[in-house]
Amino acid sequence: MAGVYVHIPFCARRCIYCGFFSTVRQEEAARYVSALCRELELRRDYLCGEPVRTVYFGGGTPSRLTPEQIGTVISAIRSTLDLESLEELTVECNPDDITPEYVSALKSVGVNRISMGVQTFNDRLLTFMHRRHTAAQALEAVRICRDSGIGNISIDLMYGLPGQTLNMFDRDLKTALSAQVQHISSYCLSYEEDTPLHALKEQGKLQPADDELCSQMFTLMCQTLREGGFEHYEISNFCRPGFHSRHNSSYWDGTPYLGLGAAAHSYNQTSRQWSPANLDTYLASIENGTPAFDKETLSPKDRFNEKIMLSLRTAQGLNLHTLPLPQQESLLTSAKPFLERGQLIKENSNLRLSESALFISDSIISTLFE
Ligand code: SF4
């Protein structure tokens, strides 16, 4: 089984914290859609005929495309790759792009999951972050998706925002629960270099949330969402039973995927490659018939470290039996101090982080690397 990721780099405007590759040059959308279809033809053998289980349109803001443009790309994928086993077809949307007509049209081209960047239900913080929507628009967008028959809706939240208190985040979590979505992703704000937010921090114009507050927010989030009926299945991801993101889960379990579009990554279990994060370079290379990309071949050590890093982010953890015996033994030796402190838990052949240790997972996981 395999996945397909389609990067749509267009945004109506840039949010101040965003480090993703995106552009406001939406006039290139039609040309870009043609390039995606052409790239698919040029790279049709990348997945070696593997059936595709998930397709994910991410960005940027995929909902800056019309449903017809998204449908064109889906038709091209359908006619090029094996979609007989397709389970999940997600499109990321911005709440203020959502109308009943838009969602019905997405549904009619096969979309069965919508992921919405809500970030917070606090209007003051939304304005500060340069988001385009209000809290009321986000709730209305969720209602429209639900009423249009999308039975799998995910929202993204952020915590650790400047000026956000524990009480404010508590209200966001409770509002998210009241919205009756099936999936919530919630990330701690990071200050990416070369963003306006990073510059404001460097100029001393804002006070970042301290680590202690972020840790309290993480604990509150785990507890509130669990009490609300959500499973915590990955550091930043929560779902109602049965509604985990099949697409994102395939990144964590090493499933191959084909990434289409500027800045999209592809992975075939032995190497990783990525297209240029530049619209003009991407378009020119595809239109010339020679897709440009950088490539990294993964050594056995890289593959081991990736496996540890990705599997320990999940509640399921790592099945030690998938590693050769000498690697199992050396891993358990490195893991000993964390096992003694209860930060790592070993049950039969399974190794996982405790929920409270997930917040500091990076520092634990990096000490387990080869
Ligand atoms: S809408 Fe998403 S991709 Fe676009 S600037 Fe904002 S956070 Fe970045």
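About the criteria used
- Residues numbered from 1 in each chain as written.
- Predicted model: local features only at pLDDT ≥ 70, side-chain atom pairs only at ≥ 80, totals over all residues.
- Helix = DSSP H or I, 4+ residues; strand = E, 2+ residues; numbered from the N terminus.
- Buried ≥ 20, exposed ≤ 12 C-beta atoms within 10 Å, placed from the backbone.
- Contact = placed C-beta atoms within 7 Å.
- Pairing = 2+ DSSP bridges.
- Right-handed = clockwise from strand over helix to strand, strands pointing away.
- Near = placed C-beta within 6 Å.
- Nonpolar A, V, L, I, M, F, W, Y, C, P; charged D, E, K, R; others polar.
- Domains from an automatic or database assignment.
- Arc of directions from axis to C-beta.

The number of helices and strands found in the chain is 13 helices and 15 strands. Principal axes of the C-alpha set define a box for the chain whose edges measure 55 × 50 × 45 Å. When the 370 residues of the chain are sorted by exposure, 37% land in the buried category. Considering only contacts in the chain between residues 6 or more positions apart, those separated by 24 or more positions represent 72%.

It is worth spelling out the pairing of strand S3 (residues 88-93) at this point. In terms of residue burial, S3 counts as a mostly covered element, since six of its six residues are buried. The side-chain alternation of S3 yields two buried faces, one formed by Glu88, Thr90 and Glu92 and the other by Leu89, Val91 and Cys93. One ladder, built from four bridges, connects strand S2 (residues 52-59) with S3; its direction is parallel. The residue bridging threonine 54 from the neighbouring strand is glutamate 88, located in S3. Taken together, S2, helix H2 (residues 67-80) and S3 constitute a β-α-β crossover, and its handedness is right-handed. As paired elements, S3 and strand S4 (residues 113-119) share four bridges and run parallel to each other. Opposite valine 91, over in S4, you have isoleucine 114 as the bridge partner.

We now examine the site of the ligand. Close contacts around the ligand come from Cys11, Arg14, Cys15, Cys18, Phe20, Ser22, Gly59, Gly60, Thr61, Asn94 and Gly117, and that covers them all. When grouped by side-chain class, the residues that make up the shell around the ligand number four nonpolar, six polar and one charged.

Glancing now at the environment of aspartate 170. Mapped onto the fold, aspartate 170 is located in helix H6 (residues 166-178). Expressed as a C-alpha distance, the spacing of aspartate 170 and methionine 221, which sit 51 residues apart in the sequence, is 7.8 Å.

In terms of domains, the chain is made up of domain 1 (2-252) and domain 2 (300-366). The straight-line distance from the C-alpha centre of domain 1 to that of domain 2 is 28 Å. Residue assignment for the side of domain 1 that touches domain 2 shows that the elements contributing at least two residues are helix H8 (211-227), strand S7 (231-234) and helix H9 (246-252). When its residues are assigned to classes, the side of domain 1 that touches domain 2 shows six nonpolar, two polar and one charged.

Within the span of helix H10 (residues 279-287), buried status applies to Leu279, Tyr282, Ser285 and Ile286. Projected down its long axis, H10 shows its buried positions confined to an angular sector of 145 degrees, all on one face. Counted as exposed and oriented over 90 degrees from the buried face of H10: Asp280 and Glu287. Where H10 is buried, its residues meet helix H1 (29-42). Two residues or fewer past H10, glycine 289 is found with a positive phi of approximately 85 degrees.

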